[in-house]
Amino acid sequence: MPTKKAMTPAEVKEEILKRYPTKVARKRDKQFLVHEGPEAMQTKDIQANVRTIPGIITQRGCTYAGCKGVILGPTRDIVNITHGPIGCGFYSWLTRRNQTDASAPDAANYMTYCFSTDMTEHDIVFGGMNKLRQAVQEAYDLFKPRAIAIFSTCPVGLIGDDVHAVAREMKEKLNAIDPNHKVNIFAFSCEGYKGVSQSAGHHIANNQIFTHVVGEEMKRPEGKYLINMLGEYNIGGDAFEIERILDKCGITLNSSFSGNSTYEQFARAGVADLNCVMCHRSINYVADMMETKWGIPWIKVNFIGAKSTAKSLRKIAQYFGDKQLIDRVEEVIAEEMKNVDATLADVKPRTTGKTAMLFVGGSRAHHYQDLFKELGMRSIGAGYEFAHRDDYEGRRVIPDIKVDADSRNIEELHIEQDPANYNPRKTDEELKQLEAAGFEFKEYAGLIPDMDKDTLIIDDINSWETEKLIEIMKPDIFCAGIKEKYAVEKLGVPLKQLHNYDMGGPYAGFKGAVNYYLEIDRLVNSKIWSYLEAPWDKEPELSATYVG
Ligand code: SF4
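Under an unreviewed UniProt entry, the name given to the chain is Nitrogenase protein alpha chain. Checking UniProt for the chain, the heading Sequence similarities (unreviewed entry) contains the comment "Belongs to the NifD/NifK/NifE/NifN family." For the chain, the Catalytic activity (unreviewed entry) comment in UniProt is given as "N2 + 8 reduced [2Fe-2S]-[ferredoxin] + 16 ATP + 16 H2O = H2 + 8 oxidized [2Fe-2S]-[ferredoxin] + 2 NH4(+) + 16 ADP + 16 phosphate + 6 H(+)".

A. Representation of the overall build of the chain in the model. The secondary structure content of the chain amounts to 22 helices and 14 strands. What you see for the chain is a C-alpha radius of gyration of 25 Å, in line with the 24 Å of a compact globule of 548 residues. Projected onto its principal axes, the C-alpha coordinates of the chain cover approximately 100 × 65 × 50 Å. For the chain, the proportion of its 548 residues judged to be buried stands at 56%. Excluding contacts between residues fewer than 6 apart, the proportion of contacts in the chain whose partners are at least 24 apart in sequence is 76%. Total accessible area on the chain is roughly 24,700 Å²; 53% of this is exposed by carbon and sulfur atoms. A gap of 2 Å separates the mean positions of the 68 positive and 78 negative side-chain charges of the chain.

B. Local environment of the packing of helix H4 (residues 63-72) against helix H10 (residues 198-212). Remark: H4 packs on H10, axes separated minimally by 6 Å, with the N-to-C direction vectors making an angle of 55°. Comparing their axes, H10 and H4 come out oblique. Considering only the axes of H4 and H10, their crossing is right-handed. Contact residues: Thr63, Ala65, Gly66, Cys67, Val70, Ile71 and Leu72 in H4; Gln198, Ala200, Gly201, His202, Ile204, Ala205, Asn206 and Ile209 in H10. Here the residues of the contact of H4 with H10 are counted per class, giving nine nonpolar, six polar and no charged.

C. Broad picture of the site of the ligand. In the vicinity of the ligand, the contacting residues are Cys62, Tyr64, Cys88, Thr153, Cys154 and Gly192. Across the shell around the ligand, the residue classes break down as four nonpolar, two polar and no charged.

D. Summary view of the nonpolar core. Counting 70 residues, the largest nonpolar core has Leu313 and Phe372 as its most contacted members. Shared between two domains, this core holds at least three residues of each, these being domain 1 (1-60 + 351-394 + 446-548) and domain 3 (225-350 + 395-436). Discounting residues that sit within four places of it in the chain, Phe372 has contacts with Ala356, Leu358, Met377, Ser379, Ile477, Cys479, Tyr516 and Ile520. Membership of the second largest hydrophobic core comes to 39 residues, among which are Phe186, Phe257, Phe266 and Ile296.

E. Quick look at the sheet that holds strand E11 (residues 378-383). Pairing in this open sheet of six strands is mixed, and the strands run E1-E12-E11-E10-E13-E14 from one edge to the other. Each end of this open sheet is capped by a strand with a single partner; those strands are strand E1 (32-34) and strand E14 (495-497). Sheet twist, expressed as the mean angle between neighbouring strand axes with direction ignored, is 20°. One ladder, built from five bridges, connects strand E10 (residues 355-359) with E11; its direction is parallel. Paired with Phe359 across the bridge in E11 is Gly383.

F. Region of interest: the pattern of salt bridges. In the structure shown here, the tally under the stated rule is 35 salt bridges. In this structure, Asp123 and Lys131 form a salt bridge, with 3.2 Å as the shortest nitrogen-oxygen distance. The class of Asp123 is buried, set by a relative accessible area of 6%.

G. Spotlight on the sheet that holds strand E6 (residues 226-232). Judged by pairing direction, the sheet is parallel, and its four strands sit side by side in the order E7-E6-E8-E9 without closing on themselves. Among the strands making up the open sheet, the edge pair consists of strand E7 (252-258) and strand E9 (298-300). Adjacent strand axes in the sheet meet at a mean angle of 25° when their direction is disregarded. Strand direction decides the pairing type here: E6 and E7, joined by six bridges, are parallel. Paired with Asn228 across the two strands is Ser255, which belongs to E7. Lying over the sheet, helix H11 (residues 238-249) contacts E6 and E7, oriented at roughly 160° with respect to E6.

Rules of the game
Residues numbered from 1 in each chain as written. Predicted model: local features only at pLDDT ≥ 70, side-chain atom pairs only at ≥ 80, totals over all residues. Heavy atoms only, no water. UniProt positions renumbered as here; feature names shortened; annotations may be inferred. Helix = DSSP H or I, 4+ residues; strand = E, 2+ residues; numbered from the N terminus. Rg over C-alpha atoms; globule rule 2.2 N^0.38 Å. Buried < 20%, exposed > 50% of the residue type's maximum accessible area, 1.4 Å probe, protein only. Contact = heavy atoms within 4.5 Å. Areas by Shrake-Rupley, 256 points an atom, 1.4 Å probe, with all protein chains shown as cover. Lys, Arg positive; Asp, Glu negative; His and termini not counted. Charge placed at Lys NZ, Arg CZ, Asp CG, Glu CD. Axes fitted to C-alpha atoms, helices over the stretch in contact; angles between N-to-C directions. Parallel < 35°, antiparallel > 145°, perpendicular 65-115°, else oblique. Left-handed = near helix turned anticlockwise from the far one by under 90°. Nonpolar A, V, L, I, M, F, W, Y, C, P; charged D, E, K, R; others polar. Near = heavy atom within 4 Å. Core = buried A, V, L, I, M, F, W, Y, C linked by side-chain atoms within 4.5 Å. Domains from an automatic or database assignment. Pairing = 2+ DSSP bridges. Salt bridge = Lys/Arg side-chain N within 4 Å of Asp/Glu carboxyl O.

Structure, rendered in structure tokens:
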């Protein structure tokens, strides 16, 4: 009889699935892969972006969370009004740690507020559009913002409130009041029940921001090597660190989607020379649309991990092909790596050989494996909450992905070239030369190719599977979110939150890598995990004989 530790990954999977009713087991089987090596994985596909099984205790959130919380939340000068009962706005109030730097004391920053129409029974019965109009008017009167965004929650779609009509009507009305102050007002039909997860909310946010804001301003700002950073949300100051590095290299950040961003940045995104995509899942739609409309190529980058940061900087420099930039990037890397290497020399002997599991969102379960590699640690299990097959298997599978009934109601925008501003940033010849040198445009290879044989890849993991994995495989660290944290730590395994960073960070870039190394060393080598069992449970009771 093999011990629990000696179970093969296939046996682990079997052990976990056998508890389920047949129908559930059949479905989970398709979302639960054992990595059988690179060749075998070429022919295997994972089921992802499908409806969660009711009652299974998923990690997932809703479409509203993906739209308002993730994409629009980090932008400081848009008043974001949640149209719905108070819960949705309240629970998403400052709970994502997307930081911002309003740069001047009088600069607009509405991120500390929670704006809600606070719908009641009356609004459900008679409709909430009047209340929404009043809320928009009040927000305008109080703040005179550059833009107001309206986010629909579950009941809004069910009772038939037309949020887009209110947005149009109020935009016209308010812009007529004061022609010197233009306000843009737009709405998102991101009701929580749409799609199957946060992912639908990303798509809806991408569509609306592209329709109503991106391209509004086509004047190129000052600065060389103009890039947009897409899908980087400044959690724990990640974007600040990336901005510091780009600045040091002499690369100009034109706009960020959407860590530490402003409305104006979204508006002028169409003038950049290159789009760099960090979180592929949440923002690839905008990257594709900008390429079609204005001819801006996009590349996948990763600023999580010191080596990945260096690789991404080199990629950007190679794209521009300017010797001065290439040399400067090398200087910056050499300078920054000194501290990285010194920290690793201290930490790595204590972390080498340890194991990690990562079940997070739609990109971090992949990106953070680079940091663990740098620490000499192995990622033995990973998966996403809401990613699609292309985030697991690479974009090559996109043509084969079948959109099921649950996601069919998410609109696909049809984008065409902008005749006035379309401008391919590179000639065909230049693109071919870059590709011959190994450059990949519009490409993301996904999580699976970076994982080792005999690891587990699990989509939309749930509470039961998490507990069972920990019990059987005993990783040295588990990465997930706040809902999992305390349940996992009660099992004696440290949990590193890769959504809110346990209030730490930044973890991006070179300084972020150093922060992460120190944090992981502290977590996996803490003595506290050895105190979980009382001494009298480990040792047999002492016995003594009375000698009279
Ligand atoms: S599922 Fe519906 S009610 Fe819940 S947070 Fe999302 S929008 Fe609000």
